[in-house]
Amino acid sequence: MSICKISASIVGIAAAVLLATPSAQAAMSRNWVWCANDDHANLPDRQIEGCTAIINAATETRKNMAIAYNNRGNGYADKKQYERALPDYDHALRLSPDYSVGFRNRGLAYNGLKQYDKAISDYNEAIRLDPRYGAAFNSRGSSYYSKKNYDRAIADYSEAIRIDPNSAFPYRNRGLAYVDKGEFDRAIPDLDKALQLDPKFVAAYNDRGRAYYGKGDYDNAIADYGETVRLDPNYSYGYRNRGQALINKKDYDRAISDLDHAIQLDPNYVDAYNDRGRAFFAKQDYDRAIVEWTEAIRLDPNFTIGYRNRGLALLDKKLYDQAIADLDIALKQDPKFISALNDRASAYEGKGDYAHALADRDAAIKLDPNGTSSYRSRGYANSYLGHFDAAAADLARV
């Protein structure tokens with residue numbers, strides 16, 4: 001089962017540095033403090049209020065008006081209201097076409113809307129205007145990462161590190177890209193560096209845990225996931241991922257406890273239901289496992305693994321027709337799902353339908369000619385059908 005991962009972090013949308021300080025009225029000064037929102041001292045609504053007052057007053061220079069529009073866009077973006085943020089960024093860039101921060105921030109909004117090509121175009125412009133804009137390289141890397149273009153993402157993160165070697169974000173993000181490429185030994189040093197620079201970087205602990213998990217080092221993975229939930233007790237990913245590692249160590253009761261926490265924090269967490277089902281299945285509590293996978297499917301009807309896993313539990317309960325129905329759906333969603341083919345073949349065999357079982361074994365072997373278990377099972381099916389020479393040939397390959 002794949003480990004839940006978090007999307008690549010991007011440096012937060014920082015309010016632009018003001019180019020001029022208004023001095024006409026104390027109220028206006030207050031509005032600028034709210035609009036700038038340095039270090040996110042105020043809630044986004046207060047930032048939006050301050051920027052809106054400045055925009056409506058229309059007494060500032062073009063550059064400062066551009067900053068006010070940009071910063072109001074930041075307020076909307078912090079609320080994930082990216083569609084409302086975009087017109088403000090557009091206005092800021094019309095007022096100040098050489099505003100690199102504005103291009104980068106608009107790119108972040110497009111990224112939030114999953115319009116990655118538009119985001120990359122804006123980051124390109126930000127970098128053209130400021131070739132040493134490390135945050136823009138980092139953000140562009142995150143859009144390439146979201147497009148699963150990990151090599152381009154890594155190149156951008158590397159440039160961000162070259163420009164600012166003291167920023168934890170690009171180290172973490174490059175480590176994340178290496179994790180997703182399966183290059184765990186290259187990921188871990190980057191994540192070590194991110195944590196050296198920021199010892200409270202929860203996502204970096206989570207990703208290093210994923211790297212250790214990928215290497216089969218479940219103890220170190222569990223330690224890192226434990227650190228995530230120590231730093232942030234509401235971090236559902238950490239509980240889920242630690243639960244998954246505990247399953248691999250056959251510590252099912254502790255795994256279930258962690259997965260209970262993850263689901264309590266996020267009742268719609270499909271992967272956590274799936275893993276809790278796996279833990280109950282391993283304890284041979286098939287009824288509880290079926291309940292978990294049924295909920296995962298309810299939350300996400302396209303959750304192929306849920307259908308396959310529930311089908312497997314039904315198979316072990318010898319409910320062959322129900323198992324076949326679930327495995328049919330899994331294979332409709334993913335016709336190359338070898339485990340589902342083999343499980344459905346076993347269900348057909350349980351019903352004594354060796355012809356259909358043989359067809360599924362054939363399909364599994366076609367997809368994976370080196371799968372010895374499929375040859376063994378096909379050999380048994382051939383023997384039941386009286387195809388003794390074919391059975392002998394299959395069993396000889398085991």
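Residues numbered from 1 in each chain as written. Predicted model: local features only at pLDDT ≥ 70, side-chain atom pairs only at ≥ 80, totals over all residues. Heavy atoms only, no water.

1. Observations concerning the overall build of the chain
The following threshold applies: What counts as a helix is a DSSP run of H or I of at least four residues, what counts as a strand is a run of E of at least two, and both are numbered from the N terminus. Residue burial is assigned from relative accessible area. The probe radius is 1.4 Å, only protein chains are included, and a residue is buried under 20% of its type maximum, exposed over 50%, and partly exposed in between. Contacts: residue pairs with any heavy atoms within 4.5 Å of one another. Accessibility throughout is a Shrake-Rupley quantity obtained with a 1.4 Å probe, and a residue counts as covered only by protein chains that appear here. Positive residues here are Lys and Arg, negative ones are Asp and Glu, while His and the chain termini are left out of the count. In this description, the location of a charge corresponds to atom NZ of lysine, CZ of arginine, CG of aspartate or CD of glutamate.
Looking only at helices and strands, the chain features 22 helices and zero strands. Taking the principal axes of its C-alpha atoms as reference, the chain extends roughly 95 × 40 × 35 Å. Here the chain, with 398 residues, has 52% of them falling under the buried criterion. Across the chain, the fraction of contacts at a sequence separation of at least 24, relative to all contacts at a separation of at least 6, is 51%. Of the accessible surface of the chain, which amounts to about 18500 Å², a share of 48% is contributed by carbon and sulfur atoms. Each charge class in the chain was averaged separately, 54 positive and 55 negative side chains, and the resulting centres sit 2 Å apart.

2. A few points about the state of the cysteines
Stated precisely, the cut-off is as follows: Two cysteine sulfurs form what is called a disulfide whenever their separation falls within 2.5 Å.
In the structure shown here, the tally under the stated rule is one disulfide. Between the sulfur atoms of C35 and its disulfide partner C51 the distance amounts to 2.1 Å. Because the sign of the S-S torsion sets the handedness, a value of about 95 degrees for the bond joining C35 and C51 places this disulfide among the right-handed ones. In this pair, C35 sits in helix α1 (residues 26-36) while C51 sits in helix α2 (residues 44-57), placing the two residues 16 residues apart along the sequence. Comparing C35 with C51, the two get one shared label, buried.

3. Some words on the packing of aromatic side chains
Filter applied, for reference: Any two rings among Phe, Tyr and Trp, with Trp reduced to its six-membered ring, count as a pair given centres within 6.5 Å; such a pair is stacked if its planes are under 30 degrees apart, edge-to-face if over 60, and tilted if neither.
Taken as a whole and assessed by the stated rule, the structure comprises seven aromatic pairs. On the numbers, 5.3 Å between centres and 65 degrees between planes, the contact of Y213 with Y218 is edge-to-face. Here Y218 falls in the partly exposed class, since its relative accessible area comes to 23%. Arranged with centres 6.0 Å apart and planes meeting at 50 degrees, the rings of F281 and W293 form a pair that is tilted. Here W293 lies in helix α16 (residues 286-299) and F281 lies in helix α15 (residues 270-282), a separation of twelve residues in the sequence. Assessed through its relative accessible area of 2%, W293 is described here as buried.

4. Description of the side chain of D207
Condition: The term polar contact refers here to a pair of N or O atoms within 3.5 Å; inside protein, the definition further demands a hydrogen-donor-capable atom paired with an acceptor-capable atom, and it admits residues adjacent in sequence only when both atoms are side-chain atoms.
With respect to the helices and strands, D207 occurs in helix α11 (residues 202-214). According to the relative accessible area criterion, D207 is buried, its value standing at 0%. A distance of 2.5 Å separates a polar atom in the side chain of D207 from a polar atom in the side chain of R172. Not counting residues up to four positions away in its chain, the partners in contact with D207 are R172, L176, V179 and L191.

5. Examining unusual backbone geometry
In the Ramachandran plot, H40 falls in the positive-phi region, its phi being about 50 degrees despite a non-glycine side chain. Relative to the assigned elements, H40 resides in the loop between α1 and α2. For K250, which is not glycine, the phi torsion reads 65 degrees and is therefore positive. Within the element layout of this structure, K250 appears in the loop between α13 (236-248) and α14 (252-265).

6. Describing helix α3 (residues 62-78)
Rules: Given a helix with a known number of residues, its expected span is that number minus one, times 1.5 Å.
Compared with an ideal rise of 1.5 Å per residue, which puts 17 residues at 24 Å, α3 spans 24 Å between its outermost C-alpha atoms and is within 8% of the ideal. Of all 17 residues in α3, 14 are buried; the element is thus mostly enclosed. At the C-terminal side of α3, K80 shows a positive phi close to 65 degrees.

7. A look at the pattern of salt bridges
Here is the rule: Here, a salt bridge means any side-chain nitrogen of Lys or Arg that lies within 4 Å of a carboxyl oxygen of Asp or Glu.
All told, the structure shown has 38 salt bridges when counted by the stated rule. In this structure, R298 engages E295 in a salt bridge whose closest nitrogen and oxygen atoms are separated by 2.6 Å. Here E295 and R298 lie together in helix α16, a separation of three residues that amounts to about one turn. Here D326 and R310 are joined by a salt bridge, their closest N and O atoms 2.6 Å apart. Of this pair, D326 sits in helix α18 (residues 320-333) while R310 sits in helix α17 (residues 304-316), and the two are 16 residues apart along the sequence. D326 gets classed as buried once you look at its relative accessible area, which sits at 5%. Relative accessible area serves as the criterion here: at 16%, R310 is assigned to the buried category. The structure contains a network of salt bridges with shared partners spanning D151, K181, E183 and R186.

This is a description of form; function is not addressed.
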